[in-house]
Amino acid sequence: MLLVETVEKKYRELFNNEPLLVRSPGRVNLIGEHTDYNMGYVLPAAIDKAIYFAIAPRSDDKAVVFALDMNEVFEFSLDKLQEQKSDKHWPNYLMGMVDQLLKAGYQPKGFNCVFGGDIPLGAGLSSSAALEAGLGFALNHIFNLGIDKLTLVKLSQKAENEFVGVNCGIMDQYINVFGKDGNVLRIDCRSLEYEYFPFNYKNVSIVLFDTGVSHSLATSEYNQRRKECSQGVNIIRKDYPDVKSLRDVPVDMLNKYRPKMEPVIFKRCKYVIEENLRLLDACDALNNHDLKKFGSLMYQTHEGLSKDYEVSCKELDYLVDLTKDNPEVYGSRMMGGGFGGCTINLVENHAINEISKTISSRYYSKFDIKAKIYATKINNGTSIIKTKENAAV
Ligand code: GLA
């Protein structure tokens, strides 16, 4: 049975009425890491791994949510959400979303919901954004709230910032909502404008190697990097009041400030500024169908993330190293926030099995961890799944 069918079946069992079915995907990011909260560029894509929601309104102000994969139920009422925060993680993403809708003046009512999916947790594929934006999208639909896509993105990000307490940028929620089959999306995180770039290579796939490591310091280190970047900006801004973020700082300008910055702050800023330039080069490479060039930029990104931004870990570094000098791998780098999760790799299709075997066995010998490997396909952003029952939707 398809995952979505299992979710729907469970919904019917529990609530015995007709749900709306929504698919909310995970994401990869090809290049442009830790640039979103520095007002730079990112290049993500929505993928074929997703969370599925079956959902319908209730007549009161209560929400009853069943998490299929955890076999857990959580109930909350739509007022005083802050007081209902949960020790389990997943309900907070959902309550955070409802909280933002209410704060923005929308009026969702109570609902019943079952969700489940195949986005691996803690692998850096943004299952949290999929929960937030997926629920927001579904509530928008069932209560006719009239929220446009960009507003939904911003509210979902705020849910994570304010309710969950992770100071994330806008990339994950943005791609969740705007993803498009066969395309990567270049988002300008300053203007919030975007452009699709076709990414449709018959012979090459996006393959993820999962370290199986989820680092407990990830959130605090993430927030720390944000602080370090703004410290850099503040130093430069004393002389250049127009500089609002690292996006406004050319390399030459940064270099002038090197003596005035602690070395660690300089390194962080340097990485971000270079990464934005790399991303623009990478988009040129895509326009020229030059995957070799694109891949070599990915390796440079990894180097920067590992040495200058210091958000990698030995497991990620090792997985990237294993791909080097392998002509069937165009590029490889750590992806997402860092300290664990996956590397993203561009690999010739015919070589995927062989390379996966070699890498898994070497990784296992070194770390005693079985690396999971996912070949992914680019897919659409959050959308309604049409079934026979709701074909008219
Ligand atoms: C996490 C955050 C994103 C982004 C990436 C790093 O996925 O949620 O906003 O900052 O890390 O690029």
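Predicted model only: the values in this text are computed from it and were never measured.

Scoring rules and cut-offs
- Residues numbered from 1 in each chain as written.
- Predicted model: local features only at pLDDT ≥ 70, side-chain atom pairs only at ≥ 80, totals over all residues.
- Heavy atoms only, no water.
- Helix = DSSP H or I, 4+ residues; strand = E, 2+ residues; numbered from the N terminus.
- Polar contact = N/O pair within 3.5 Å; in protein donor to acceptor, adjacent residues only side chain to side chain.
- Domains from an automatic or database assignment.
- Contact = heavy atoms within 4.5 Å.
- Buried area = accessible area lost by both parts, 1.4 Å probe.
- Salt bridge = Lys/Arg side-chain N within 4 Å of Asp/Glu carboxyl O.
- Nonpolar A, V, L, I, M, F, W, Y, C, P; charged D, E, K, R; others polar.
- Expected span 1.5 Å × (residues − 1).
- Buried < 20%, exposed > 50% of the residue type's maximum accessible area, 1.4 Å probe, protein only.
- Near = heavy atom within 4 Å.
- Areas by Shrake-Rupley, 256 points an atom, 1.4 Å probe, with all protein chains shown as cover.
- Core = buried A, V, L, I, M, F, W, Y, C linked by side-chain atoms within 4.5 Å.
- Pairing = 2+ DSSP bridges.
- Axes fitted to C-alpha atoms, helices over the stretch in contact; angles between N-to-C directions.
- Parallel < 35°, antiparallel > 145°, perpendicular 65-115°, else oblique.
- Left-handed = near helix turned anticlockwise from the far one by under 90°.

Caption draft 1: Quick peek at the environment of Lys314. With respect to the secondary-structure elements, Lys314 resides in helix α10 (residues 314-323). Between the C-alpha atom of Lys314 and that of Ile147, which follows or precedes it by 167 residues, the distance is 43 Å. At a separation of 3.4 Å, a polar atom in the side chain of Lys314 contacts the side chain of Glu315.

Caption draft 2: Structural detail: the domain arrangement of the protein. The assigned domain composition of the protein is domain 1 (3-200 + 379-386) and domain 2 (204-376). Using only C-alpha atoms to locate each centre, domain 1 and domain 2 end up separated by 25 Å. With 36 residues of domain 1 at the contact, the number on the domain 2 side is 46 residues. Between domain 1 and domain 2, a total of about 3,300 Å² is buried, with carbon and sulfur atoms accounting for 65% of that surface. Ranking the residues of domain 1 by area buried against domain 2 places Ile31, Glu33 and His34 at the top, with a combined share of 20%. Its salt-bridge partner being Arg247, residue Asp188 comes within 2.9 Å of it at the nearest N-O pair. On inspection of domain 1 and its partner domain 2, the count reaches 19 residue pairs in polar contact (both at pLDDT 80 or more). When contributions to the side of domain 1 that touches domain 2 are tallied by element, the ones reaching two or more residues are β1 (20-29), β2 (41-42), β3 (44-57) and β7 (183-188). Across the side of domain 1 that touches domain 2, the residue classes tally to 17 nonpolar, 11 polar and 8 charged.

Caption draft 3: Region of the structure containing helix α9 (residues 291-308). End to end, α9 covers 25 Å across 18 residues, agreeing with the expected 26 Å (1.5 Å per residue, within 8%). Every buried residue of α9 is accounted for by Leu291, Phe294, Gly295, Leu297, Met298, Tyr299, Thr301, His302, Gly304, Leu305, Ser306 and Asp308. For α9, the elements touching its buried residues are β9 (204-210), α8 (263-287), α10, β10 (329-334) and β11 (342-348). Glu310 sits one or two residues past α9 and shows a positive phi near 50°.

Caption draft 4: Broad picture of the site of the ligand. Around the ligand, the structure places Arg27, Glu33, His34, Asp36, Tyr37, Cys168, Gly169, Met171, Asp172, Tyr222, Gly336 and Gly337. Contacts to the ligand include Arg27, whose side-chain N or O atom sits 3.0 Å from an oxygen atom. Taking His34, its main chain carries an N or O atom lying 2.7 Å from an oxygen atom of the ligand. For the ligand, whose unbound accessible area comes to 300 Å², protein coverage reaches 91%. In the shell around the ligand, the residues fall into 4 nonpolar, 4 polar and 4 charged. Formed jointly, the shell around the ligand draws a minimum of three residues from each of two domains, domain 1 (3-200 + 379-386) and domain 2 (204-376).

Caption draft 5: Just the nonpolar core, in detail. Core analysis: the biggest nonpolar cluster contains 81 residues, and Leu30, Phe76, Phe111, Phe199, Phe294 and Leu346 have the highest contact counts within it. Beyond its immediate chain neighbours, meaning those up to four positions away, Phe294 contacts Leu30, Ile31, Leu43, Ala282, Ala285, Leu286 and Leu346. Tyr37, Ile236, Tyr257 and Met261 belong to the second largest nonpolar core, which has 27 residues in total.

Caption draft 6: Expanded view of the pattern of salt bridges. Counted by the stated rule, this structure contains 25 salt bridges. Ionic pairing is found between Arg58 and Asp60, a salt bridge with its closest N-O pair at 2.8 Å. On the basis of relative accessible area, Asp60 is assigned to the partly exposed category, the value being 32%. Residues Lys307 and Glu303 are paired through a salt bridge, measuring 2.9 Å at the closest nitrogen-oxygen approach. Taken as a pair, Lys307 and Glu303 lie in helix α9 at a separation of 4 residues, close to a single helical turn. Note on Glu303: relative accessible area 38%, which makes it partly exposed. Counted as one network, the salt bridges with shared partners bring together Glu221, Arg225, Glu228, Lys267, Arg268 and Glu310.

Caption draft 7: How the structure looks around the sheet that holds β7. The sheet built from 3 strands is open, its strands ordered β2-β7-β8 with antiparallel pairing. Because the sheet does not close on itself, it has two edges, and the strands there are β2 and β8 (194-198). Pairing between β2 and β7: 2 bridges, direction antiparallel. What sits directly across from Tyr41, in β7, is Asp188. Lying over the sheet, helix α5 (residues 171-178) contacts β2, β7 and β8, oriented at roughly 135° with respect to β7.

Caption draft 8: Structural detail: the packing of helix α3 (residues 127-142) against α5. Where α3 contacts α5, the two axes come as close as 9 Å, and the packing angle between them is 55°. As far as their axial angle goes, α5 and α3 are oblique. Crossing of α3 against α5: the hand is right-handed. Contacts between α3 and α5 pair Ala129, Ala130, Glu132, Ala133 and Gly134 from the former with Asp172, Gln173, Asn176 and Val177 from the latter. Along the lines of polarity and charge, the residues of the contact of α3 with α5 split into 4 nonpolar, 3 polar and 2 charged.

Caption draft 9: Up close: the packing of α10 against helix α11 (residues 352-367). Across the interface, α10 lies against α11 with an axial gap of 11 Å and an inter-helix angle of 145°. Like other packed secondary-structure pairs, α10 and α11 cross with a definite hand, here right-handed. Residues Lys314, Glu315, Tyr318, Leu319, Leu322 and Thr323 of α10 form the contact with α11, whose own contacting residues are Ile359, Arg362, Tyr363, Lys366 and Phe367. Per-class residue counts for the contact of α10 with α11 are 6 nonpolar, 1 polar and 4 charged.

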